[in-house]
Amino acid sequence: MGGAAPSKVYNPLNELPSMKGKIVLVTGSSSGIGFATLQCLLRLGAKVYMAVPDEQRTKDALERIKREGTEPGLGEVIWHELDLKNPRDAKDSAERFMKKEPRLDVLINNAALITDLGHPQLNVDGIQDNMAINYLGPYVFTRTLLPLLESTAATGDDVRIINVGSDGVKDVTFLDYSSKKAWNHKFSFTMLPTLNRYKYSKLAVHLWTNNLAKRLTAENSKVLVMLVHPGGILSDGAIRSLKQLPYPPFWIWMMSKILHPQERGAFTSVFAACSPRDTPEITHGGYINPPNVIGRQAPAAYDEANQQRLFEFTEALLKELEV
Ligand SMILES: NC(=O)c1ccc[n+]([C@@H]2O[C@H](COP(=O)([O-])OP(=O)(O)OC[C@H]3O[C@@H](n4cnc5c(N)ncnc54)[C@H](OP(=O)(O)O)[C@@H]3O)[C@@H](O)[C@H]2O)c1
């Protein structure tokens, strides 16, 4: 978390073109920054898929949307079940989506486990949940959806993949992504092991996105790939983790002085997803920071050898897992 302050005056609903007729899928959008992103897209008129695992939180989110937005011109929201923890489920979810829709204009990979509350778990394949949910699941989901994104782009339409990264990756010093043992590193002997596990998995997202942008360029793909950092945001997930501390109201109050409200966390994702293609900041492989400016990623994210090692190990692992 942390980073530059999002713009105070920016309102995406006044600044961005209508998204009517566009199909957008936002992962992790029943709560947190993803929910705020989904609401913006909905108000811009898009048909938005809420790709999330938890049925109760989805019901609550759908109720909230009904309560808060019935104005004319509003798009449509549809639940699409997605659990990123098991790569087979991520693949299956993408395949089900492709049976539902003949096109996909924008994929926003927003979902993440921002805290394991100090208890890292392994998925069925023995992969720690920070890497399983934040990197491997989104990798498989995106890889499976790529033919649909490509076929949509082939018709001349503007197609984008927006990956939500984090400026926090600047602090990552453990840079080995070449084995399952490395992926499952617990950072036990560091000051903040939970936060470091999260940041390590987000650096994987940066390495993957930068590598994907290059591979798509090499294949003459018309699909645009971008990374965004939402800023330091007091999201639903951040509040849930503060509730684990003694005297939660104090910590929530204190963090509300430092972090920005959830609605602002959507700005960079929505800007990257909806700004016209000739907007100077909208560039293939670009990194958008608050307040919607091009940023520099951590130097480690640009390490091409490490991007390639991560890519090769991921593909080898998925082959071994038969995913
Ligand atoms: N908050 C910040 O300051 C900050 C800073 C930098 C970057 N980010 C990034 O912004 C994005 C959103 O973060 P946030 O703060 O809004 O977090 P959040 O409030 O915890 O929301 C995370 C979302 O991901 C979903 N999710 C969790 N596990 C999942 C799984 N196994 N499969 C599918 N979806 C799953 C959650 O669904 P459930 O609600 O059903 O669990 C929730 O909708 C993340 O990528 C995060 O890394 C946040």
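Parameters at a glance
Residues numbered from 1 in each chain as written. Predicted model: local features only at pLDDT ≥ 70, side-chain atom pairs only at ≥ 80, totals over all residues. Heavy atoms only, no water. 1 Å grid on protein atoms, 1.4 Å probe; cavity = no way out; pocket = protein on both sides within 12 Å on 5 of 7 lines; lining within 4 Å. Points joined across faces, edges and corners; volume = space filled by probe spheres on them. Helix = DSSP H or I, 4+ residues; strand = E, 2+ residues; numbered from the N terminus. Nonpolar A, V, L, I, M, F, W, Y, C, P; charged D, E, K, R; others polar. Expected span 1.5 Å × (residues − 1). Buried < 20%, exposed > 50% of the residue type's maximum accessible area, 1.4 Å probe, protein only. Phe/Tyr/Trp six-rings, centres within 6.5 Å; stacked < 30°, edge-to-face > 60°.

Enquirer: Would you take a moment to explain empty space enclosed by the protein for this structure?
Expert: In this approach the atoms are scanned with a rolling probe the size of a water molecule, which exposes any empty space left behind. In this structure the tally under the stated criterion is three cavities of 30 Å³ or more. Each pocket or cavity is described by its volume, and for the largest cavity that value is around 50 Å³. Forming the boundary of the largest cavity are Asn-109, Asn-110, Ala-111, Asn-134, Pro-138, Asn-163, Val-164, Lys-202, Val-205 and Trp-208. Put simply, the parts of the chain that give the lining of the largest cavity at least two residues each are helix H5 (129–154), strand E5 (160–164) and helix H7 (193–218). Counting residues per element, the lining of the largest cavity draws most heavily on H7, which supplies three residues. Split by residue class, the lining of the largest cavity holds five nonpolar, four polar and one charged.

Enquirer: Could you clarify how one ought to interpret H7 in this entry?
Expert: Given 3.6 residues per helical turn, the α-helix brings residues three or four places apart onto the same face. Here H7 contains 26 residues, and its C-alpha end-to-end distance of 38 Å stays within 8% of the 38 Å for a straight helix at 1.5 Å per residue. The buried fraction of H7 is high, at 19 of 26 residues. Of the residues flanking the end of H7, it is Asn-220, one or two places downstream, whose phi is positive at about 55°.

Enquirer: Just to check I follow, could you spell out the packing of aromatic side chains for this structure?
Expert: Remark: the centre distance and the inter-plane angle together describe each pair of aromatic rings, the angle taken between the planes. Enumeration over the complete set of coordinates arrives at 14 aromatic pairs. Relative to Tyr-200, the ring of Tyr-177 has its centre 4.3 Å away and its plane inclined at 5°; by these criteria the two rings are stacked. Linking Tyr-177 in the loop between E5 and helix H6 (180–183) with Tyr-200 in helix H7, this pair joins segments that are 23 residues apart in sequence. Taking relative accessible area as the criterion, Tyr-177 reaches 1% and is therefore assigned buried. Plain terms: the ring middles of Phe-250 and Trp-251 are 5.1 Å apart, the flat faces sit at 70° to each other, and that makes the pair edge-to-face. With a relative accessible area of 30%, Trp-251 lands in the partly exposed category. A network of ring pairs unites the aromatic residues Tyr-135, Tyr-139, Trp-183, Trp-208 and Phe-313 as a single cluster.

By themselves, these observations are geometric and do not establish any function.
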